[in-house]
Every structure is written in structure tokens, then in C-alpha cells.
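So the chains spell out like this:
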Amino acid sequence: MKKTQTKILLVDDEPDILEIVGYNLAQEGYQIVTASNGKDAIAKAQKELPELIIMDVMMAEMDGMEACEHIRKIPELNNVIITFLTARSEDYSQVAGFDAGADDYITKPIKPKLLVSKVKALLRRLKEQEVVTDTINVGGIEINREEYKIIKGNVEIALPRKEFELFYLLASKPGKVFKRDEILDKVWGNEVVVGGRTIDVHIRKLREKIGEDLFKTIKGVGYKFEV
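Residues numbered from 1 in each chain as written. Predicted model: local features only at pLDDT ≥ 70, side-chain atom pairs only at ≥ 80, totals over all residues. Heavy atoms only, no water.

Named according to an unreviewed UniProt entry, the protein chain is Phosphate regulon transcriptional regulatory protein PhoB originating from Flavobacterium johnsoniae. The record held by UniProt for the protein chain lists under Function (unreviewed entry) the comment "This protein is a positive regulator for the phosphate regulon. Transcription of this operon is positively regulated by PhoB and PhoR when phosphate is limited." (UniProt positions renumbered as here; feature names shortened; annotations may be inferred.)

J.: Sorry if this is basic, but what is going on with the overall build of the protein chain here?
T.: Secondary structure summary: the protein chain contains eight helices and twelve strands in total. Taken across its 227 residues, the protein chain has 49% of its residues classed as buried. For the protein chain, contacts bridging at least 24 residues in sequence account for 60% of all contacts bridging at least 6. Accessible area of the protein chain: about 11,400 Å², with a carbon and sulfur share of 49%. (Helix = DSSP H or I, 4+ residues; strand = E, 2+ residues; numbered from the N terminus. Buried < 20%, exposed > 50% of the residue type's maximum accessible area, 1.4 Å probe, protein only. Contact = heavy atoms within 4.5 Å. Areas by Shrake-Rupley, 256 points an atom, 1.4 Å probe, with all protein chains shown as cover.)

J.: Before we go on, may I ask you to explain the nonpolar core in this structure?
T.: If you look at soluble globular proteins, the nonpolar side chains tend to sit buried side by side. Counting 27 residues, the largest nonpolar core has L9, V11, I53, M55, I71, I82 and F84 as its most contacted members. Those elements giving two or more residues to this core turn out to be β1 (7-11), β2 (31-35), α2 (38-48), β3 (52-55), α3 (64-71), β4 (81-86) and α4 (91-99). Considering each element in turn, this core owes the most residues, four residues, to α3. Contact partners of V11, with chain neighbours within four places excluded, come to L18, A35, N37, A41, I53, I54, M55, D56 and M59. Counting residues in each nonpolar core, the second largest holds 26 residues, with I141, I150, L169 and V187 among its members. (Core = buried A, V, L, I, M, F, W, Y, C linked by side-chain atoms within 4.5 Å.)

J.: When you look at the pattern of salt bridges in this model, what are you seeing that I'm missing?
T.: A pair can form between side chains of opposite charge whenever their charged atoms are brought close. Following the criterion strictly, the structure yields 14 salt bridges and no others. A salt bridge links K7 to E48, with the nearest nitrogen and oxygen atoms 3.0 Å apart. One end of the pair, K7, is in strand β1; the other, E48, is in helix α2, and 41 residues separate them in sequence. Given a relative accessible area of 24%, E48 falls into the partly exposed group. With its nearest N and O atoms 3.9 Å apart, the salt bridge here joins K44 to D40. Note that K44 and D40 are positioned in helix α2 at a spacing of four residues, about one turn of the helix. Judged by its relative accessible area of 26%, D40 is partly exposed. Through salt bridges with shared partners, one network takes in D99, R204 and E208. (Salt bridge = Lys/Arg side-chain N within 4 Å of Asp/Glu carboxyl O.)

J.: What is the right way to look at the UniProt feature "modified residue: 4-aspartylphosphate" (unreviewed entry) in the protein chain in this model?
T.: Following the UniProt record, the feature "modified residue: 4-aspartylphosphate" (unreviewed entry) maps to D56 here. Residues within four places of D56 in sequence aside, it is in contact with V11, D12, D13, G64, F84, L85, T86 and K108.

J.: Can you walk me through the packing of helix α6 (residues 161-172) against helix α8 (residues 198-209) in this structure?
T.: If you want to describe how two helices pack, look at the angle between their axes and the distance between the axes. As a packed pair, α6 and α8 sit with axes 10 Å apart at the nearest point and diverge in direction by 80°. Taken as axis vectors, α6 and α8 run roughly perpendicular relative to one another. Along its contact with α6, which presents K162, E163, L166, F167 and L170, the element α8 presents I199, H202, I203, K205, L206 and K209. (Axes fitted to C-alpha atoms, helices over the stretch in contact; angles between N-to-C directions. Parallel < 35°, antiparallel > 145°, perpendicular 65-115°, else oblique.)

The following block contains the structure:
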């Protein structure tokens, strides 16, 4: 086992989950930090600055949804990957998770080997994104992928990671219709399972933050960015 510099924050109010998940990820060489509730998670995240947060939804004091929203407002944690690990698999729960700023949603119970594979896939995409330094300007909007920064009309717009990546993909080729399967592959990756409404939720958020008329729905096909 080779220890890495990659730090993972595990958040769950069940000690057994923290122990089992933490052990399996530590065996892969990851540095593991734990928290038992949402408030503790926010404090630990600010102190430790992890690359990935795996968080339960239903917890005392502060649930995962609220904690996720708080973490997304912390500048130092702008690029952290957040995935929920929870027994709740209903569509509305997943939509709420993505609305809160989550990047992925993993349902309990999950076999340790599969969880490790998903974690590796998430972190691999993070590594690939870190080497990209492109800045594009389209329709009066500056998109800096290196800094995950968007400026429109001299106003900086903050987006969660997946919203940014989806926006960058669409804006990189204005007018091109991106099929849903292509979007899932390029933004989320084939190895991570996301709910069927994931893209729709993120497009709705982009319309609210960037502009209603900039994102066109092509029924039965996908979406495009149009200026």
C-alpha cells in the first residue's frame, strides 16, 4: 500500500460506517478524516481541505444537504468533490442532493470494492481537470477553467463543480447540440451512476444563474448553448 496526499473526509453518524468505509479507503493509501454530523463536517472540511467528501444525508444537528450547501459557499472548498452516501434512493432525494451542490449520489449498501472504484473514478476526473488551463470568452462571458471562475458583465458568478463543468462543455462549442449520453459521459463519466434527471436539474440551475435564454432544450436529444 502506497500512501497518497489525497485526503478524503467521511461524514456519517454511524460509527460502523465510518470504520468500514474508512478502513477500505485507507487500504488504498488515502488519508482519511472523519466527522459525525453536518456541523462537524463543515469545520473539518475548512481545516483539512479534502479533495473528496463522502457524506451521509440523514444526520442529527445538521443533515448532509444543509452541510453541503454551507461547504459550497466556502471559497477554499470551491473545487472539492462532494458525494452523498445514503440509504435514500428516491428520485426526489437525489434531485435535492444535486440542488444542494453534490457531484454524485451513492446508495447504501454498497460493496467496498465498488465504492473504492467509484472514489477512484471521481478523483481521476479531478486530476484530469487540474491540468486544464483553458479560458474561453463567449457571448460576453469569460470562463476560466483553471480557476473555476465565470465573469459576466464584470460580475463573478459562483457555480458548484458539476454546474461549472456542464456550462464549460456547452459553452465550448456554441450552437452544438450535446446529446444526453455525451453530457453524462464527459461531465460525470461512465463509471459513476447518476439519476436520470441529473442533467435537467443542472440545466435549470444554470438558467437561473447565467441566463434563461442561453440554454436550449432539444427535445428527445439534449441541450445546446446559444448566444
